[in-house]
Amino acid sequence: MNLAIDSVPPACDVLVVGAGPAGSAAAITLARAGLDVVLADAQAFPRDKVCGDGLIPDAHHAMRQLGVLDDVMRLAQRAGHVACVGPRGGRIDVPGTLAVLPRRILDDVLCRAAVAAGARMHAPARFVGVLEAGDGGEARVIGARLEHAGAMREVRAGWLLLATGAVPQALIASGMCERRTPSAIALRGYVRNDGMVGRLTELEVLWHPRLKPGYGWIFPCPDGVFNIGVGVMHSHAKGHAGATMKDVNLRASLQAFTEIYAPARELVASGTWVGEPKGAPLRCSLEGARLSRPGLLVTGEAAGSTYAFTGEGIGKALETGVLAAEAVLEGRMFGSGDADVRMRYEERVRALKPRYVVYERANTVNAHPWLVELLTWSARRSKARLKRMSGVLEETHTPGNLLSARSWARLLFEHD
């Protein structure tokens, strides 16, 4: 599946840089429509990717649209709830369409689907910079330079799609970066523990003062392996108090998680680490990067497609990748110029913003974990309130301003 960099063609219809969920989703969509697609990634596949590995409902929906859901679910560990646990042990199971699959496997499935559709995958091939035609503000991107082990290749393309994830180097090199600092940081590891299989069956998330402004999680993977980690969320919303990312010690937070949460303590004490825990940045809330310039679209986590508050990003990465591909395809179909393609893409991505606003405002819970106790108390008293929480997860319900007293009162106290 991985073609060497010396076989990269000199030209193609669309060059997609980054073969994660966004890049593969774009490549699948474009290649199935008959376009000549080159997909490039800095690492050969399969490769590891730091992530919580949770597949929430938006990911299921996007994978169904792409025709890969059955392949993914044959390999994934299914779950029926997200267990939200407060600092005093209050717990509520929020139902949802959920699963867990390590990104090493998920991304490989998606990338193979892109290759099966006709995309040519070249890896390892690191993005170095863009090729341009024209001067100054009128310059159009007409391709990219790729490099591996000192070998450099130039690829000309009708469109360049950047799906390079949270690390900002590619955005900086292409003139698309508006903020270098991440929205959040996370640390995750894998623990094998056959004795916990059947006991830890749901996605479990704990909020606690020792973890703020963030949380700890345990997600059950297939084959007796569990994804355990901690995340620290920083809100970029105006006037919102969040983490500054200074002096954050994620390993200390992970250790605290195993001390304060009995299932995490037992999982680690009686299990075996599968490799060392790894950390990574996150880019959230559709912030931090320009979405387009002539000849170039930014998609996936590079465009900030990850949700604040939860750090979930797979579903919206897939969705934005498809939106980028559809904008290019519609531009070719209707003979549209760059401006129309870019406008169409940016409008559709920004139409997702209300969903991100909900999660951005919910960041207050990460800073004030006692609110989880209030939420769990409320949900246990009302099926309607629990249904609204599930609706947020399933994206069938969008609450109002979660920071307003009226919205909190409705969420917590409104009768069935």
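Residues numbered from 1 in each chain as written. Predicted model: local features only at pLDDT ≥ 70, side-chain atom pairs only at ≥ 80, totals over all residues. Heavy atoms only, no water.

A. Layout of the pattern of salt bridges. Tallied over the entire structure, the rule returns 21 salt bridges. D58 is the partner of K316 in a salt bridge, and the nearest nitrogen-oxygen pair spans 3.2 Å. Of this pair, K316 sits in helix α8 (residues 314-334) while D58 sits in helix α2 (residues 57-66), and the two are 258 residues apart along the sequence. Taken individually, K316 and D58 each receive the classification buried, so the pair is uniform in this respect. Its salt-bridge partner being R348, residue E330 comes within 2.9 Å of it at the nearest N-O pair. Highlighted residues: E330 in helix α8 and R348 in helix α9 (residues 338-350), separated in sequence by 18 residues. Among the ionic contacts, a cluster of salt bridges with common partners joins D58, K316, E319 and E395. (Salt bridge = Lys/Arg side-chain N within 4 Å of Asp/Glu carboxyl O. Helix = DSSP H or I, 4+ residues; strand = E, 2+ residues; numbered from the N terminus. Buried < 20%, exposed > 50% of the residue type's maximum accessible area, 1.4 Å probe, protein only.)

B. Up close: the pairing of strand β1 (residues 11-17). Extensive coverage of β1 is indicated by the burial of five of its seven residues. Two elements, β1 and strand β9 (residues 151-162), share six bridges in a ladder whose sense is parallel. Bridged to C12 within β9 is A157. Pairing between β1 and strand β2 (residues 37-40): four bridges, direction parallel. By the bridge assignment, V17 is partnered in β2 with A40. Considered for its hand, the β-α-β crossover made up of β1, helix α1 (residues 21-32) and β2 is right-handed. (Pairing = 2+ DSSP bridges. Right-handed = clockwise from strand over helix to strand, strands pointing away.)

C. Layout of the layout of surface pockets. Considered as a void within the structure, the second largest pocket measures approximately 280 Å³ in volume. Lining the second largest pocket are 17 residues, and of these P102, R104, Y190, V225 and V274 lie nearest its centre. Where the lining of the second largest pocket is concerned, the elements lending two or more residues are α4 (103-117) and β10 (184-192). A total of four residues in the lining of the second largest pocket trace back to one element, the largest contributor, which is β10. (1 Å grid on protein atoms, 1.4 Å probe; cavity = no way out; pocket = protein on both sides within 12 Å on 5 of 7 lines; lining within 4 Å. Points joined across faces, edges and corners; volume = space filled by probe spheres on them.)

D. Region of interest: the packing of α8 against α9. For the pair α8 and α9, the least separation of the axes is 9 Å and the interaxial angle reads 150°. Accordingly, the angle class assigned to the pair α8 and α9 is roughly antiparallel. In terms of crossing hand, the pair formed by α8 and α9 is right-handed. Where α8 approaches α9, its residues T320, L323, A324, E326, A327, V328, E330 and G331 are matched on the opposing element by V341, R344, Y345, R348 and V349. (Axes fitted to C-alpha atoms, helices over the stretch in contact; angles between N-to-C directions. Parallel < 35°, antiparallel > 145°, perpendicular 65-115°, else oblique. Left-handed = near helix turned anticlockwise from the far one by under 90°. Contact = heavy atoms within 4.5 Å.)

E. Region of the structure containing the packing of aromatic side chains. The final tally for this structure, using the stated rule, is seven aromatic pairs. Arranged with centres 5.8 Å apart and planes meeting at 15°, the rings of W207 and F309 form a pair that is stacked. Of the two residues, W207 is situated in the loop between β11 (203-206) and β12 (214-220) and F309 in the loop between β17 (296-298) and α8; the sequence distance between them amounts to 102 residues. Just as W207 is buried, F309 falls in that class too. Residues Y307 and Y356 carry aromatic rings whose centres are separated by 5.0 Å and whose planes lie at 55° to one another, so their mutual orientation is tilted. Within this pair, whereas Y307 is found in the loop between β17 and α8, its partner Y356 is found in helix α10 (residues 353-361), the two being separated by 49 residues in sequence. You'll find Y307 and Y356 in the same group, each marked buried. Grouped by ring-pair contacts, the aromatic residues W207, Y215, W217, F219 and F309 constitute a single cluster. For R140, the ring lying beneath its charged end belongs to W159, and the centroid distance is 5.2 Å. (Phe/Tyr/Trp six-rings, centres within 6.5 Å; stacked < 30°, edge-to-face > 60°. Lys NZ or Arg CZ within 6 Å of the ring centre and 35° of its normal.)

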